[in-house]
Amino acid sequence: MGDPSHPGWGRRLDRAREGLTQGHLPALVVSTPLNITYLCGFRGSSGLLVLTPDRTILIVDGRYASAARAGSLAGGLFPIEVYAVSDTYPRALATVLADTGVAAAGFEAAQVTVATLGVWQAAAPGVTFRATEGQIERLRAIKDDHEIVILRRAGKLLSQVATGLRSWVRAGRREREVAADINGALERAGFSEPAFPTIVASGPNSAHPHARPTDRRLEAGDLVVLDFGGLLDGYCGDLTRMFGIGQVSPTAWSLYEAVREAHAAALRAIRDGVEAASVDAEARRVLTACGFGGGILHATGHGLGLEVHEAPRLGPAQPGRTERLQAGMVCTIEPGAYVEGLGGVRLEDDVLVTNEGCEVLTEASRDLFIV
Ligand code: ZN
Ligand code: ZN
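Calculation rules
- Residues numbered from 1 in each chain as written.
- Chains lettered and ligands numbered in written order.
- Predicted model: local features only at pLDDT ≥ 70, side-chain atom pairs only at ≥ 80, totals over all residues.
- Heavy atoms only, no water.
- Donors = N, O, S within 2.8 Å, 3.2 Å for Na, K, Ca; no water.
- Tetrahedral: all angles 85-135°; square planar, octahedral: opposite > 155°, others 65-115°.
- Helix = DSSP H or I, 4+ residues; strand = E, 2+ residues; numbered from the N terminus.
- Buried < 20%, exposed > 50% of the residue type's maximum accessible area, 1.4 Å probe, protein only.
- Expected span 1.5 Å × (residues − 1).
- Contact = heavy atoms within 4.5 Å.
- Axes fitted to C-alpha atoms, helices over the stretch in contact; angles between N-to-C directions.
- Parallel < 35°, antiparallel > 145°, perpendicular 65-115°, else oblique.
- Left-handed = near helix turned anticlockwise from the far one by under 90°.
- Nonpolar A, V, L, I, M, F, W, Y, C, P; charged D, E, K, R; others polar.
- Polar contact = N/O pair within 3.5 Å; in protein donor to acceptor, adjacent residues only side chain to side chain.
- Core = buried A, V, L, I, M, F, W, Y, C linked by side-chain atoms within 4.5 Å.
- Phe/Tyr/Trp six-rings, centres within 6.5 Å; stacked < 30°, edge-to-face > 60°.
- Salt bridge = Lys/Arg side-chain N within 4 Å of Asp/Glu carboxyl O.
- Pairing = 2+ DSSP bridges.

Draft legend 1. Representation of the coordination of the zinc ion (ligand 1) within the structure. Here the zinc ion (ligand 1) is held by the protein donor atoms Asp-227 (OD), Asp-227 (OD), Asp-238 (OD) and Glu-348 (OE), which lie 2.0 to 2.6 Å from it. Around the zinc ion (ligand 1) sit four donor atoms; with metal-centred angles ranging over 54 to 152 degrees, the donor geometry is irregular. Along the chain, the residues donating to the zinc ion (ligand 1) fall in the pattern D-x10-D-x109-E. Between the zinc ion (ligand 1) and the zinc ion (ligand 2), a spacing of 3.2 Å is present, and a bridge between the two is formed by Asp-238. With Asp-227 in strand 9 (residues 223-228) and Glu-348 in the loop between strand 17 (343-346) and strand 18 (349-353), this residue pair connects regions lying 121 residues apart in the sequence. Residue classification places Asp-227 among the buried residues on the basis of a relative accessible area of 5%. The exposure class assigned to Glu-348 is buried, which follows from its relative accessible area of 0%.

Draft legend 2. Molecular detail of the coordination of the zinc ion (ligand 2). The protein atoms donating to the zinc ion (ligand 2) are Asp-238 (OD), His-302 (NE2), Glu-334 (OE) and Glu-348 (OE), with metal-donor distances spanning 2.1 to 2.2 Å. Because the angles between the four donor atoms bound to the zinc ion (ligand 2) fall within 79 to 153 degrees, the donor set is best described as irregular. Taken in sequence order, the residues that donate to the zinc ion (ligand 2) follow the motif D-x63-H-x31-E-x13-E. By relative accessible area, which is 3% here, Asp-238 ends up buried.

Draft legend 3. Structural context of helix 11 (residues 276-289). For helix 11, which comprises 14 residues, the first-to-last C-alpha distance of 21 Å matches the rise-based estimate of 20 Å (1.5 Å per residue) to within 8%. Of all the positions in helix 11, only Ala-276, Ala-277, Val-279, Asp-280, Ala-283, Val-286 and Leu-287 are classed as buried. Residues of helix 11 that are buried make contact with helix 10 (250-269), strand 14 (310-314), strand 15 (330-333) and strand 16 (336-339). At the C-terminal side of helix 11, Gly-291 shows a positive phi close to 90 degrees.

Draft legend 4. Representation of the packing of helix 7 (residues 145-163) against helix 9 (residues 175-189) in the model. Put simply, helix 7 and helix 9 touch, their axes get as near as 10 Å, and they point 140 degrees apart. In this view, helix 7 runs oblique relative to helix 9, as classed from their interaxial angle. By crossing handedness, the relation of helix 7 to helix 9 is classed as right-handed. On helix 9, the residues touching Leu-157, Leu-158 and Val-161 of helix 7 are Ile-182, Ala-185, Leu-186 and Ala-189. Residues of the contact of helix 7 with helix 9, tallied by class, amount to seven nonpolar, no polar and no charged.

Draft legend 5. Just the side chain of Asn-205, in detail. In this fold, Asn-205 is placed in the loop between strand 8 (199-202) and strand 9. Polar contacts involving the side chain of Asn-205 include one to the side chain of Glu-175, which spans 2.9 Å. Setting aside anything within four residues of it in sequence, one finds Asn-205 in contact with Glu-175, Ala-211, Thr-214 and Arg-216.

Draft legend 6. Summary view of the nonpolar core. Core analysis: the biggest nonpolar cluster contains 83 residues, and Leu-226 and Phe-228 have the highest contact counts within it. Counting residues per element, this core draws most heavily on helix 7, which supplies eight residues. The contacts of Phe-228, once residues within four sequence positions are left out, are Leu-158, Val-161, Ala-162, Leu-165, Ile-182, Leu-186, Phe-196, Thr-198, Gly-237, Asp-238 and Leu-239. Ranked by size, the runner-up nonpolar core spans 40 residues in total, among them Ile-270, Val-274, Ala-283 and Leu-325.

Draft legend 7. Quick peek at the packing of aromatic side chains. Taken as a whole, this structure holds four aromatic pairs when the rule is applied. On the numbers, 5.3 Å between centres and 85 degrees between planes, the contact of Phe-42 with Tyr-64 is edge-to-face. With a gap of 22 residues between them, Phe-42 in the loop between helix 2 (33-40) and strand 2 (48-51) and Tyr-64 in helix 3 (residues 62-74) connect regions that are remote in the sequence. Each of the two residues, Phe-42 as well as Tyr-64, counts as buried.

Draft legend 8. Summary view of the pattern of salt bridges. For the structure on display, the rule yields 25 salt bridges. When the shortest N-O distance is used, the salt bridge between Glu-310 and Arg-140 registers 2.9 Å. Of this pair, Glu-310 sits in strand 14 while Arg-140 is found in helix 6 (residues 135-141), placing the two residues 170 residues apart along the sequence. We classify Glu-310 as buried; its relative accessible area is 12%. Ionic pairing is found between Glu-334 and Arg-346, a salt bridge with its closest N-O pair at 3.8 Å. Here Arg-346 lies in strand 17 and Glu-334 lies in the loop between strand 15 and strand 16, a separation of 12 residues in the sequence.

Draft legend 9. Structural context of the pairing of strand 17. Alternating residues of strand 17 divide into Gly-343 and Val-345 and Gly-344 and Arg-346, and every residue in both groups is buried. Relative to strand 17, strand 16 runs antiparallel, the two being bridged by four bridges. Residue pairing for strand 17: Val-339 is matched across the bridge by Gly-343. Taken together, strand 16 and the strand that follows it, strand 17, pair antiparallel across an intervening segment of three residues, in which Gly-341 is found at a positive phi of about 90 degrees.

Okay, here's the thing in structure tokens:
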């Protein structure tokens, strides 16, 4: 399991290599920046990581080469070979691949454009490039001890921020002002930055799941969706809570109750081995039974980690694809329903999938707060 106070780069690289062996790939060229960060700790806007069964080579340009070497020495980066680009990345990649002697290498099809692949192929005519999909993302979906420690802490800190909402959300204030208060609290709580643009959506705006804060002032009868998250040690937390201003209508209450019930049903459905789509189906079943099936506009949840949206996806089953939840995955549960004219309700928590069920990382109350 390793030392949870330190990223398990060595173990992650081992698992990536197991993936190479399973896919009969002699090498993998990792070009997605966050996948490179995940595997060896390097954080840069560009770089290529070449993995073979016995070598790990980071190709970086002059801006990063000495820092990468120094980081490697200082232990802030996994000890790997650093190869500095002298003219272009494709030529550097060709040189490195020739040096390793591989005849074929995988590339990340979701990240490498057709144009880039053409250039690589021209630079390294002796190498057959093979498309791979989600090699590293699949590993990232299951968190190791180090990541779980960070994500638990992020959940606790986000819950603390949520307790402050009562003092910021009130009639007469603008959505933008409330969002600024939340962003300030995220920073004070220790997050380096918001994980995504904070959502404060009131009244009619709450009917749009990704509404951006406006100058609209909160007024009596509004439902208010507050969706915010922070980046902690490179990892994302994500939370949504609901407020009502003054009296909200009986229909708004029913909408809230339906979403809360859907949230509970989804939580009950989570455990190691279940299909992600079945958790989504549970939330939909409840919302539909409550008469709000027509207001479902998004999936019930998404994985959380270095990115705020990553694998697994807790949405309707996709043809030919079965995604199962596994112990160690961290994801959100965020059913919502949106009714034009009435408003929307979403409740979102971060959970760690376990063998028996799940551990909720965000414990702030899910009540509809009336202020
Ligand atoms: Zn969210
Ligand atoms: Zn989310």
